[in-house]
Amino acid sequence: ELNFYGYNALLNGKINLNAGDKTTLIFALEGLGLDVKTLMQDINISNKLLSGSMDIKVMFDNQQKDFLKGECYIKDGVADLDLVANILKLPSLKKVDFDLLNSHFSLSKEVVRVNEIKLVSPDVMLNTSWDRNGKIDGILNLKIASGLLNQSKTFKRLLALTEIKKPYIDFSFLLGGISDTMRVMWMKGEFKDKIKEGLPAWAKKRIENNLDKLIDSMANE
């Protein structure tokens, strides 16, 4: 049994070691209300979580293919969404206040797998998952508030052109490559369909060519 205090929270855990014919090591750890900023600085896993209160569960079992599994829930925090900020040319996304961020992850000898990262905030709703085995293979889904998108000259023009009055705009991206030079491919077919849902019938033909050019130019940047 383990009980100790750290990161402004009480952590509880268990270690089970069996040194028979096949050594088995099982380690479980739970914590409620951990200080995210200090924790991220110490474990050096991510510099994108700037603050928040984290509840976490982690399980290690050396006999399982996915020998490490975990889930965490972070409340009332701040995150740096620089990947999204760079894609959409919205600098304000480099510091986003969120209500909830939850994540499920696992680790094997072959692959690091993030089964889900889900972030909820008034301006941004994010859902992403990926595998990494030397290269990254994943998907990123977003809902961005129209008011926030209007901070971008390109999107302000696009929203004005399409006359969309929806409170949120949907985006989907494919993620690939390696971490330092990750490729992001805009799934423009879905994006275009989402936009066209808000268009009156008479306007579709008139703006179709302009819309295609605008989306293509943004996807290629």
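Note that the coordinates shown come from a computational prediction; the quantities given were computed from them, not determined experimentally. (Residues numbered from 1 in each chain as written. Predicted model: local features only at pLDDT ≥ 70, side-chain atom pairs only at ≥ 80, totals over all residues. Heavy atoms only, no water.)

Scanning the chain for helices and strands turns up six helices and eleven strands. With 221 residues in all, the chain has 36% of them scored as buried. Pairs at least 24 apart in sequence give 45% of the contacts found in the chain among residues at least 6 apart. For the chain, the exposed surface amounts to about 13200 Å²; the carbon and sulfur share of it is 52%. (Helix = DSSP H or I, 4+ residues; strand = E, 2+ residues; numbered from the N terminus. Buried < 20%, exposed > 50% of the residue type's maximum accessible area, 1.4 Å probe, protein only. Contact = heavy atoms within 4.5 Å. Areas by Shrake-Rupley, 256 points an atom, 1.4 Å probe, with all protein chains shown as cover.)

On to the side chain of Ser172, then. Relative to the assigned elements, Ser172 resides in strand S10 (residues 168-177). Here Ser172 falls in the buried class, since its relative accessible area comes to 12%. Engagement of the side chain of Ser172 in a polar contact is seen with the side chain of Asn141, the distance being 2.8 Å. (Polar contact = N/O pair within 3.5 Å; in protein donor to acceptor, adjacent residues only side chain to side chain.)

Bringing the packing of aromatic side chains into the picture now. Per the stated rule, a full pass over the model turns up two aromatic pairs. On the numbers, 5.9 Å between centres and 70 degrees between planes, the contact of Phe60 with Phe67 is edge-to-face. Under the relative-accessibility criterion, Phe67 is labelled partly exposed at 22%. Ring centres of Phe171 and Phe173 lie 6.3 Å apart, and the angle between their planes is 10 degrees; on these two criteria the pair is classed as stacked. Exposure class is identical for Phe171 and Phe173. Each is buried. (Phe/Tyr/Trp six-rings, centres within 6.5 Å; stacked < 30°, edge-to-face > 60°.)

With that settled, consider the sheet that holds strand S8 (residues 124-133). Ordered by their spatial adjacency, eleven strands build an open sheet running S1-S2-S3-S4-S5-S6-S7-S8-S9-S10-S11, and the pairing between neighbours is antiparallel. The open sheet is flanked by strand S1 (2-6) and strand S11 (183-186), the only strands paired with a single partner. Ignoring which end each strand starts from, the neighbouring axes of this sheet average 15 degrees apart. Sheet analysis places strand S3 (residues 24-35) next to strand S4 (residues 49-61), joined by eight bridges and oriented antiparallel. Bridging across to S4, Glu30 finds its partner in Lys57. The sheet contacts of helix H1 (residues 36-43) involve S3, S4 and strand S5 (68-79), and relative to S4 the element is tilted by about 60 degrees. (Pairing = 2+ DSSP bridges. Axes fitted to C-alpha atoms, helices over the stretch in contact; angles between N-to-C directions.)

Attention now goes to the pairing of S8. In this sheet, S8 lies alongside strand S7 (residues 112-120) in antiparallel orientation, the contact comprising seven bridges. Looking at the pairing, Val114 lines up with Trp130 of S8. For S8 and strand S9 (residues 135-145), the ladder comprises ten bridges, and the chain directions are antiparallel. Residue Ser129 lies in a different strand from S9, and its bridge partner there is Ile139. Between the end of S8 and the start of S9, which pair antiparallel, lie one residue, with Gly134 showing a positive phi angle near 85 degrees.

With that settled, the discussion passes to the pattern of salt bridges. Under the defined criterion, the tally for this structure stands at three salt bridges. A salt bridge links Lys48 to Asp82; the nearest nitrogen and oxygen atoms lie 2.8 Å apart. Of this pair, Lys48 sits in the loop between H1 and S4 while Asp82 sits in helix H2 (residues 82-88), placing them 34 residues apart in sequence. In this structure, Asp170 engages Lys143 in a salt bridge whose closest nitrogen and oxygen atoms are separated by 2.7 Å. (Salt bridge = Lys/Arg side-chain N within 4 Å of Asp/Glu carboxyl O.)

Along H1, the residues that are buried comprise Val36, Leu39 and Met40. Seen from one end, H1 has its buried residues packed into an arc of 95 degrees, which puts them on one side. In the core, the buried residues of H1 are packed alongside S3, S4 and S5. Where H1 terminates, the next one or two residues include Asn44, which has phi positive at roughly 55 degrees. (Arc of directions from axis to C-beta.)

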